[in-house]
Amino acid sequence: GGEVTTTAGVSGTVGAPAYTGDLRATGLGLRNLLQGVAVSDGEINAVLEGETARIEKFSLRGGDGTLTATGNANFGAKPQAQLAVKAEKFRVLGRIDRQLIVSGQAAMTLQPDKLKLDGRLGVDSGLIDISRSDAPSLDSDVTVLRDAKPAAAAAEPAPVSAAMRNAAVSLEIDLGDKIRLRGRGLDSTLAGQLKLTAPGGRLAVDGTVRAENGTY
């Protein structure tokens with residue numbers, strides 16, 4: 001939901017176009033009750049100036065918190081974009097059994113053949129309820145008969161883009177002390193530090209997660 005207004009003009013030459021104008025959006029919102037996503041009061045103000053674009057304002061509200069962003073892009077001979085994002089007690093998920101509120105900041109630089117992402121996020125509070133997460137299963141006296149078929153070949157890994165091959169990702173995640181895991185007889189706080197990287201263009205997570213003050 002929301003409203004968008006824009007004006008734009010193109011000048012220059014085919015090989016070196018220049019864009020002017022702006023993009024404004026108010027009252028933006030996104031809701032997916034099944035997944036627990038609900039953001040509102042979104043505002044965007046972006047300006048085009050020749051070979052550059054600039055985000056003067058970008059904000060979204062999630063719960064009692066906000067997500068803001070600033071950045072700019074260059075469309076010249078060496079196109080690139082920079083984006084800085086800041087979250088303050090922003091509610092990412094708000095389902096009754098899956099809740100997550102985060103704060104932190106991250107900076108991203110994107111070029112045709114390179115991606116750089118640095119940042120740190122902290123979990124202000126969260127809940128993971130696994131009471132009803134198990135899939136249904138057949139009784140032990142049920143036997144399933146299938147025709148013999150050759151095993152399917154392992155899927156080829158998706159090709160990695162040049163930007164991801166040269167990606168420099170360093171995103172630290174602090175679980176804090178207010179994220180709770182509950183269900184199946186387990187009730188515990190989760191804590192720890194994680195780090196997201198991308199060696200060889202493949203995302204990887206390293207770190208330690210531990211249970212504290214838990215019962216089973």
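Residues numbered from 1 in each chain as written. Predicted model: local features only at pLDDT ≥ 70, side-chain atom pairs only at ≥ 80, totals over all residues. Heavy atoms only, no water.

Draft legend 1. Geometry of the overall build of the protein. Check the secondary structure of the protein and you find one helix and 12 strands. Going from the N terminus to the C terminus, the protein shows its helices and strands as β-β-β-β-β-β-β-β-α-β-β-β-β. A compact globule built from 216 residues would reach a C-alpha radius of gyration of about 17 Å, whereas the protein, at 23 Å, exceeds it by more than 25%. When the backbone C-alpha atoms are referred to their principal axes, the protein occupies close to 75 × 50 × 35 Å. Across the 216 residues of the protein, 22% fall into the buried class. Surface accessibility of the protein: about 14,600 Å² in total, with carbon and sulfur atoms responsible for 56%. (Helix = DSSP H or I, 4+ residues; strand = E, 2+ residues; numbered from the N terminus. Rg over C-alpha atoms; globule rule 2.2 N^0.38 Å. Buried < 20%, exposed > 50% of the residue type's maximum accessible area, 1.4 Å probe, protein only. Areas by Shrake-Rupley, 256 points an atom, 1.4 Å probe, with all protein chains shown as cover.)

Draft legend 2. Just the packing of aromatic side chains, in detail. All chains considered together, the criterion is met by one aromatic pair. Their ring planes at 80° and their centres at 6.1 Å tell us that tyrosine 19 and phenylalanine 75 sit as a pair that is edge-to-face. Linking tyrosine 19 in strand β2 (residues 17-32) with phenylalanine 75 in the loop between β5 (65-74) and β6 (80-95), this pair joins segments that are 56 residues apart in sequence. Since its relative accessible area comes to 42%, phenylalanine 75 is described here as partly exposed. (Phe/Tyr/Trp six-rings, centres within 6.5 Å; stacked < 30°, edge-to-face > 60°.)

Draft legend 3. Seen up close, the pairing of strand β10 (residues 179-183). Only one face of β10 is covered, namely the face carrying Ile179, Leu181 and Gly183; the face carrying Arg180 and Arg182 is uncovered. In this structure, strand β8 (residues 114-129) lies alongside β10, joined through four bridges in parallel fashion. Bridging across to β10, leucine 127 finds its partner in arginine 180. Judged from the five bridges that link them, β10 and strand β11 (residues 186-197) form a sheet pairing that is antiparallel. Counted as the bridge partner of leucine 181 is serine 188 from β11. From the end of β10 to the start of β11, which pair antiparallel, there are two residues, and arginine 184 there has a positive phi angle of about 55°. (Pairing = 2+ DSSP bridges.)

Draft legend 4. A look at the pattern of salt bridges. In the structure shown here, the tally under the stated rule is 12 salt bridges. Among the salt bridges present, the one from arginine 24 reaches aspartate 22, with a minimum N-O distance of 3.8 Å. With its nearest N and O atoms 3.9 Å apart, the salt bridge here joins lysine 89 to aspartate 124. One end of the pair, lysine 89, is in strand β6; the other, aspartate 124, is in strand β8, with 35 residues separating them in the sequence. Classification of lysine 89 by relative accessible area gives exposed; the value is 52%. Aspartate 124 sits in the partly exposed class, given a relative accessible area of 23%. Within this structure, Glu49, Arg54 and Glu56 form a network of salt bridges that share partners. (Salt bridge = Lys/Arg side-chain N within 4 Å of Asp/Glu carboxyl O.)

Draft legend 5. Inspection of the pairing of strand β12 (residues 204-215) at higher detail. Counting buried positions over the 12 residues of β12 gives zero, only a small fraction of the element. Across 10 bridges, β11 lies against β12 in antiparallel orientation. Note that in β12 the partner of lysine 195 across the bridge is aspartate 206. Count of turn residues in the β11/β12 antiparallel hairpin: six residues, of which glycine 200 carries a positive phi of about 65°.

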